Amino acid sequence: MFNFKYQNPTKIIFGKGCIESIRKEIPPGSKVLITYGGGSIKKNGVFDEVKAALEGYEVLEFGGIEPNPTYETLMKCVELVRATKADYLLAVGGGSVIDGTKFIAAAVYYEGEPWEILEKFGAGIARAVPFGTVLTLPATGSEMNNGAVITRKSLKAKLPFASPFVFPKFSVLDPTKTYTLPPRQIGNGIVDTFVHIMEQYLTFPVNAKVQDRFAEGLLMTLIEEGPKALQTPEDYDVRSNLMWCATLGLNGLISVGVPQDWATHMVGHEITALYGLDHGQTLAVVFPPMLKVRKEEKREKLLQYAERVWGLKDGDEETRIDQAIEKTRELFESVHVKTRLCEYGINDDCIPLVVEQLEKHGMIKLGERRDVTPDKVRNILELCL
Ligand code: NZQ
Ligand code: ZN
């Protein structure tokens, strides 16, 4: 196992009815700015519950943060925070609202052009406005990590950043607030969580037994519970397990001391930026071919995954690996996320464009061994069609 340091300052408040507890988490007298998306929280009652919990605080709001949040929209909120001197942010929504709020929190105090935050992967951030979150879509893990992904429409760029200053102070996770999710977002969330775990697990062995078993437990939970969320949408236990899975899948716990991949995510981000596919959809398309093309480099972990997660013990190595990759694709399809580019109306014209964008963003040596070069990405994309 590699050396590591581990710290996660985000407090999690989990369970039915826990929105009211946000008042205990935000310092009295704060001027609170609620950030939210396209309005789902106004339709399903979450906004009203949040407002009631904030009685006694001065409260402002900023809505309209879109899926794959854009720099263009977020900068309007940065201006609002600066003008109103709001001193606490509360993100209410899915990963896009939380990611957008991380950017806002850092950009408010940023000296210089805030897009640099993305260009320098968060390096220049020296402080941020404190913020909490109320999560309504389990998927990204953003509620308990310090990363975010921001799109700049004018550049067709979707780039990540991270900083120790943008961990949420607290996150409220009430599984009942996910009941109103459309099936498409439930499916996206399951795929996203699954691929997060795999980006940290399916690399090469370093004898990190705890992280491996932990990751396998999360994967098996998703396989067991994921499809049930679509069949019985108001099952509290199913939603609770999925929600906690998503948080633990990307809160830094399973990544300590192990190599990490993230090539699927980087290719997926370019596809979203160019064609507007949902984040989860891009992962469902790219991940199975990513494993296929990199079978040799990932052989040992693929065999471990096949046996421990899918119970595949019979047949030769090649067969078990192929079956495990096929089962992964079937899982994505079982939660109704399509796994071929053609099903989203995209043909092979996309290959040079995606590769060109990756090169432009310096993403020419991806993966745990830094061997996913533009040529390899071309091969992978050909299998995505
Ligand atoms: O905008 P509203 O009206 O709220 O509707 C949203 C949105 O249309 C809707 N929704 C959310 N909760 C709902 C709901 N509808 C009904 N009932 C509810 N309870 O769902 C739609 C999608 O929301 P979004 O926040 O975009 O989805 P998600 O949570 O999947 O976030 C995706 C974004 O997170 C980034 C992705 O790249 C993408 O931009 N990621 C962030 C990561 C991180 N910070 O660590 C890691 C991930 O890999 C990912 O890259
Ligand atoms: Zn993701």
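Higher on the page you've got the structure.
Draft legend 1. Region of interest: the site of ligand 1. With respect to spatial proximity, 33 residues lie near ligand 1, and among them G38, G95, S96, K158 and H196 are the closest. Here a nitrogen atom of ligand 1 sits 3.3 Å away from a polar atom, N or O, in the side chain of S142. For ligand 1, a nitrogen atom lies 3.0 Å from a polar atom in the backbone of G147. Taken together, the elements giving at least two residues each to the shell around ligand 1 come down to α5 (95-107), β6 (147-152), α7 (183-201) and α10 (263-275). Within the shell around ligand 1, the residues separate by chemical class into nine nonpolar, 20 polar and four charged. Counting contributing residues per domain, the shell around ligand 1 is built from domain 1 (11-177) and domain 2 (182-384), each supplying no fewer than three.

Draft legend 2. How the structure looks around the nonpolar core. One finds F103, I104, I117, F161, V267 and L381 to be the most contacted residues of the largest nonpolar core, which totals 60 residues. Of all the elements, α5 adds the most residues to this core, at seven residues. A domain split of this core shows at least three residues from each of domain 1 (11-177) and domain 2 (182-384). Discounting chain neighbours no more than four positions away, the residues touching F161 are K102, F103, I117, L118, F121, G122, I125, N146, G147, A148, I150 and V166. With 41 residues, the next largest nonpolar core counts I186, Y201, I254 and L331 among its residues.

Draft legend 3. Main features of α5. Under the 1.5 Å per step criterion, the end-to-end length of α5 is 18 Å for 13 residues, consistent within 8% with the ideal 18 Å. Counting buried residues in α5 gives twelve out of 13 residues, a clear majority hidden from the surface. Restricting attention to buried positions, one finds in α5 the residues G95, V97, I98, D99, G100, T101, K102, F103, I104, A105, A106 and A107.

What counts and how
- Residues numbered from 1 in each chain as written.
- Chains lettered and ligands numbered in written order.
- Predicted model: local features only at pLDDT ≥ 70, side-chain atom pairs only at ≥ 80, totals over all residues.
- Heavy atoms only, no water.
- Near = heavy atom within 4 Å.
- Polar contact = N/O pair within 3.5 Å; in protein donor to acceptor, adjacent residues only side chain to side chain.
- Helix = DSSP H or I, 4+ residues; strand = E, 2+ residues; numbered from the N terminus.
- Nonpolar A, V, L, I, M, F, W, Y, C, P; charged D, E, K, R; others polar.
- Domains from an automatic or database assignment.
- Core = buried A, V, L, I, M, F, W, Y, C linked by side-chain atoms within 4.5 Å.
- Buried < 20%, exposed > 50% of the residue type's maximum accessible area, 1.4 Å probe, protein only.
- Contact = heavy atoms within 4.5 Å.
- Expected span 1.5 Å × (residues − 1).

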